[in-house]
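One letter stands for each residue in the lines below.
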Amino acid sequence: MAYFFKKARRFHTASITYEAIARQHPRWPMADKALFFAAINAEKALRFDRALRLYKRLRKTYPRSHKGADALYNSALLLEQLQRYRAAARAFQQHATLFPRQSSAPALLLRAAY
C-alpha cells in the first residue's frame, strides 16, 4: 500500500504508512527498511524534521541495520541542506568514524571540517 502511495506521489501518506508498518511489526526483518523508506518519503514530502526523526529512530532502534549508514549519511546531507552546519558536520564525522572502511570516509571527514 505504501508503495502505491509513493507511486501516486503522495509522499507524506507513504511515509506515514511505512512508519506504521515498522511500528506494528518491529521484529519483521524488513522493519528497518520500512523506517528508511518512511524517512525518504518524508523528505520527498518536504517534512524534513520528520525525516530526521525517522533516520535517528532507525539508527537507535536497529543499530545493526545495513540501512544505518545510509540513514546517518542522509541525515548529514539533509542537515547540510537545511543549513544546520554544525549538526551536519557532527553527522558526517560520526559517519566517517562509525564506518571507516567505506571509501567515502576521508571525504566525509573533510566535509565535516568545512
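Data block above holds the structure.
Numbering of residues starts from 1 in every chain and runs along the sequence as written. Per-residue local features of the predicted model are confined to residues with pLDDT of at least 70, and side-chain atom pairs are confined, for both listing and counting, to 80 or more; whole-chain, interface and lining totals are unaffected and use all residues. Calculated side-chain values reflect all of the structure's heavy atoms, with hydrogen atoms and water omitted.

A. Highlighting the pattern of salt bridges. Think of a salt bridge as a Lys or Arg side-chain nitrogen and an Asp or Glu carboxyl oxygen that are within 4 Å of each other. Tallying each qualifying case throughout the model produces 5 salt bridges. When the shortest N-O distance is used, the salt bridge between Arg 23 and Glu 19 registers 3.8 Å. On the criterion of helical spacing, the pair formed by Arg 23 and Glu 19 is a turn pair, its members being 4 residues apart in helix 2 (residues 11-24). With a 1.4 Å probe rolled over the protein chains alone, any residue whose accessible area is under 20% of its type maximum counts as buried; one over 50% counts as exposed, and the rest are partly exposed. Here Arg 23 falls in the exposed class, since its relative accessible area comes to 51%. In this description a helix means any DSSP run of H or I spanning at least four residues, a strand means any run of E spanning at least two, and both kinds are numbered starting from the N terminus.

B. Main features of helix 7 (residues 105-113). Inspection of helix 7 places Ala 105, Leu 108 and Ala 112 among the buried residues, and these make up the whole buried set. Taken end-on, helix 7 shows its buried residues confined to a sector of 60 degrees, consistent with a single buried face. Relative to its buried face, helix 7 has exposed residues pointing more than 90 degrees away, namely Pro 106 and Ala 113. Directions from the helix axis toward the C-beta atoms define the arc.

C. Structural view of the packing of helix 3 (residues 31-44) against helix 4 (residues 48-61). A fitted line through C-alpha atoms serves as each axis, taken over the contacting stretch for helices, and the angle formed by two N-to-C directions is quoted from 0 to 180°. One can describe the packing of helix 3 onto helix 4 by two numbers: an axis separation of 7 Å at closest approach and a directional angle of 165 degrees. Viewed along their axes, helix 3 and helix 4 adopt a mutual orientation that is roughly antiparallel. In the crossing of helix 3 with helix 4, the sense of the turn from one axis to the other is left-handed. Along its contact with helix 3, which presents Asp 32, Leu 35, Phe 36, Ala 38, Ala 39, Ile 40, Ala 42 and Glu 43, the element helix 4 presents Phe 48, Arg 50, Ala 51, Leu 54, Tyr 55, Arg 57 and Leu 58. Our angle categories are set so that under 35 degrees counts as roughly parallel, over 145 as roughly antiparallel, 65 to 115 as roughly perpendicular, and the remainder as oblique. Crossings are sorted by hand: turned counterclockwise from the far helix by less than a right angle, the near helix makes the crossing left-handed, and turned clockwise it makes it right-handed. Any two residues whose heavy atoms approach within 4.5 Å at even a single point are treated as in contact.

D. Up close: the packing of aromatic side chains. Centres within 6.5 Å are what make two rings of Phe, Tyr or Trp a pair, Trp counting through its six-membered ring; a difference in plane orientation under 30 degrees is then read as stacked, over 60 as edge-to-face, and the rest as tilted. Under the definition given, this model contains 4 aromatic pairs. Ring centres of Phe 36 and Tyr 55 lie 6.0 Å apart, and the angle between their planes is 55 degrees; this geometry places the pair in the tilted category. With Phe 36 in helix 3 and Tyr 55 in helix 4, this pair connects stretches of sequence that are 19 residues apart. Grouping residues by exposure puts Phe 36 and Tyr 55 together as buried. Relative to Phe 92, the ring of Tyr 73 lies with its centre 6.4 Å away and its plane at 65 degrees, an arrangement referred to as edge-to-face. Linking Tyr 73 in helix 5 (residues 67-81) with Phe 92 in helix 6 (residues 85-98), this pair joins segments that are 19 residues apart in sequence. Three or more aromatic residues joined by ring pairs form one cluster here, namely Tyr 18, Phe 36, Phe 37 and Tyr 55. By the criterion adopted, a ring carries a charge over it if an Arg CZ or a Lys NZ lies within 6 Å of its centre and within 35 degrees of its normal. Here the basic side chain of Lys 67 rests over the ring of Phe 36, its NZ or CZ set 4.6 Å away from the ring centre.

E. Main features of unusual backbone geometry. For Leu 46, which is not a glycine, the phi torsion comes out positive at approximately 65 degrees. Relative to the assigned elements, Leu 46 resides in the loop between helix 3 and helix 4. The backbone of Gln 83 sits at a positive phi, close to 65 degrees, despite the residue not being glycine. Mapping Gln 83 onto the fold places it in the loop between helix 5 and helix 6.

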